[in-house]
Amino acid sequence: MSKEKKPKKPHQVYTLLVEVGRKDGDGLPEGATGAALVCYASGVDEAEAVRETVAILKQADLAPLDVNGYGSLEERLAEGHDIPGDERTLMGRALKENSVIVAQMTPFFDEDPS
């Protein structure tokens, strides 16, 4: 019996927004309560990109709390998103290296109303 090989799905790059909490050794600034990370992650689908991103962030001693997916490059373009060249370059690198790239980190701080 010969088994037919399924054609491999091509990888795409997905844009993810990951919210992280605090954890010892996470490298976030003193006084930060967490952070938002914009990541570009390669995967055959968005679910795989999310799983890989969460695993890598945990290895980096970060504490992922929530992940929002914004789709692949093609999906974002179809929705009318303006994607500058520097973002496209990082997306291309993530695809070429089959990796996760953290493009931006914005720490969260508690607002003191007093």
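Every chain's residues receive numbers from 1 upward, in the order its sequence appears when written. Only residues with pLDDT of at least 70 get local features here, since the model is predicted, and only at 80 or more are side-chain atom pairs given and counted; chain-wide, interface and lining totals rely on the full set of residues. Where side-chain values are given, they derive from all heavy atoms of the structure, hydrogens and water being excluded.

Caption draft 1: Expanded view of the pattern of salt bridges. We count a salt bridge whenever a side-chain nitrogen from Lys or Arg sits within 4 Å of a carboxyl oxygen from Asp or Glu. Counted by the stated rule, this structure contains three salt bridges. R22 serves as the salt-bridge partner of D26, at 2.8 Å between the closest nitrogen and oxygen. What makes R22 partly exposed here is its relative accessible area of 38%. A salt bridge links E87 to R76; the nearest nitrogen and oxygen atoms lie 3.6 Å apart. With E87 in helix α3 (residues 85–97) and R76 in helix α2 (residues 73–78), this residue pair connects regions lying 11 residues apart in the sequence. Here the term buried applies to any residue with accessible area under 20% of the maximum for its type, exposed to any over 50%, and partly exposed to those in between, with areas from a 1.4 Å probe on protein chains only. Where helices and strands are cited, they refer to DSSP runs of H or I of at least four residues and of E of at least two residues respectively, numbered from the N terminus.

Caption draft 2: Fine view of the sheet that holds strand β4 (residues 100–109). Taken together, four strands build an open sheet; the order of strands is β3-β1-β2-β4 and the sheet is antiparallel. Bordering the open sheet on either side are β3 (63–72) and β4, each of which pairs with just one other strand. Averaged over all neighbouring strand pairs, the angle between strand axes comes to 20°, with direction disregarded. Only strands that DSSP links by at least two bridges are regarded as paired with each other. Of the pairings in the sheet, the one linking strand β1 (residues 12–21) to β3 comprises seven bridges and is antiparallel in character. Across the sheet, the residue bridging to Y14 is S72, located in β3. Two residues form a contact once any of their heavy atoms are found within 4.5 Å. What counts as an axis is a line fitted to C-alpha atoms, over the stretch in contact for a helix, and the angles between N-to-C directions run from 0 to 180 degrees. Relative to strand β2 (residues 32–43), α3 is tilted by about 65°, and along the sheet it contacts β1, β2 and β4.

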